[in-house]
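# Results of the structural survey
As a plain string of letters, each chain reads:
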Amino acid sequence: MPAVPGVRATARVTATRAGERTVLSALAGDGPFHLRRIHSHGDQARVCVLGAMNAPLGGDRLRVEATAEPGAHLHVTTASAAIALRGPTPEPATYDVHLTVADGASLHWLPQPLISAAGSNLRQTCTIDLAATARLVLREEQVLGRFGEPPGRLAIRLIVHRNGHLLLDQQTAYGPGAPGWDGPAILASHRAAGQILIVDPDLERQPSQVRLFGDDPTAGQAVLTPLAGPASLITALAPDSLHLRRLLDAAHPTE
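Residues numbered from 1 in each chain as written. Predicted model: local features only at pLDDT ≥ 70, side-chain atom pairs only at ≥ 80, totals over all residues. Heavy atoms only, no water.

### Side note on the overall build of the chain
Threshold: Helix and strand assignments follow DSSP, with helices taken as H or I runs no shorter than four residues and strands as E runs no shorter than two, numbered in order from the N terminus. Between the two quantities, the radius of gyration covers C-alpha atoms and the globule rule is 2.2 Å times the number of residues to the power 0.38. The buried label applies to any residue whose accessible area, calculated with a 1.4 Å probe on protein chains only, is under 20% of its type's maximum; exposed applies above 50%, and partly exposed to all values in between. By definition in these notes, contact holds between two residues if any of their heavy atoms fall within 4.5 Å.
Along the chain, the regular secondary structure elements total one helix and 18 strands. Taking 2.2 N^0.38 as the reference for a compact globule, 255 residues should give roughly 18 Å; the C-alpha atoms of the chain span a radius of gyration of 18 Å, in line with that estimate. Here the C-alpha coordinates of the chain stretch approximately 50 × 50 × 35 Å along the principal axes. Across the 255 residues that make up the chain, the buried fraction comes to 47%. Pairs at least 24 residues apart make up 69% of the contacts formed inside the chain by residues separated by at least 6 positions.

See below:
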């Protein structure tokens, strides 16, 4: 079989506890991934992922691995939005994120939005393994199409295990070929979707309560829902990325 065109690249980040602070014991990336240390905040190590080239394109195989070892605190963000574009092949691009958070550790995974441009085809999977006393704040944002254009095909899956048990397995598909994605049951007239997942052992003692954010459905709304475990999921829909971020920040500020 002929090789499928596209970039194969992996980025790895490992945070390790060293006395009263967190250090980055591994920081490596290739292809479109350029990793940069940024100013720490308290005992939290911080990393910014810079895009060194256009990606993901059709046929690309991209992977990010981030690990917070016992007692470490890690914050990862990106410098700009990622844009999924049409590539040299109709084959889908894949973008796999693997996050591991050990006991007593925390991870804030806060990338900028993902934009699904017309003609693109992307499958993104985020797999998370959490220890029993781990903490996680994860934000995801998707913008369906650039200004004045329809979106590409975008399939997203989020799988979370905590202490060896499944906490969340969620899959969504948007764009051409995805049934009902722009209908009233999913996005209706909106073109931006996002969520924040919070996992914190403290929520076992003080569970979150269901709450709705946003008075005007045309400007977007968000809902906070407790999960079956020490976790909460905030889901938001909005007409654009600006309104989406405002809703998510109102529900749970992350910066």
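### Description of the state of the cysteines
Let me state the cut-off plainly: Here, a disulfide means two cysteine sulfur atoms that sit within 2.5 Å of each other.
Throughout the structure, instances matching the rule amount to zero disulfides. The closest cysteine sulfur to the non-disulfide-bonded Cys48 is located on Cys126, 18 Å from its own sulfur. Residue Cys48 is classed as buried on the basis of its relative accessible area, which comes to 11%.

### Brief notes about the nonpolar core
For clarity, the cut-off: We define the nonpolar core as a collection of buried residues of types Ala, Val, Leu, Ile, Met, Phe, Trp, Tyr and Cys that are connected through side-chain atoms lying within 4.5 Å of one another.
Among the nonpolar cores identified, the biggest contains 52 residues, and Leu74, Leu99, Ile128 and Leu197 are the most heavily contacted of them. For this core, the leading source of residues is strand β8 (residues 93-101), giving five residues. Of all hydrophobic cores here, the second largest spans 15 residues; its members include Ile196, Leu224, Ala236 and Ala238.

### Remarks on the sheet that holds strand β5 (residues 61-68)
Two strands in a sheet stick together by hydrogen bonds in their backbones, pointing the same way (parallel) or opposite ways (antiparallel). Condition: Paired strands, as defined in this entry, are two strands with at least two bridges between them according to DSSP. Between N-to-C directions, angles cover 0 to 180 degrees, with each direction set by a line fitted to C-alpha atoms, over the stretch in contact for helices.
With respect to topology, seven strands assemble into an open sheet ordered β2-β1-β5-β8-β11-β13-β14, the strand pairing being mixed. With one partner strand each, in any of the chains shown, β2 (21-29) and β14 (165-174) form the two edges of the open sheet. Here the strands of the sheet are splayed against their neighbours by 10° on average, with no regard to which way each runs. Two strands pair when backbone bridges link them, and strand β11 (residues 121-130) and strand β13 (residues 153-162) are joined in this way by ten bridges, in the parallel orientation. Bridge pairing in β13 places Leu130 opposite Arg162.

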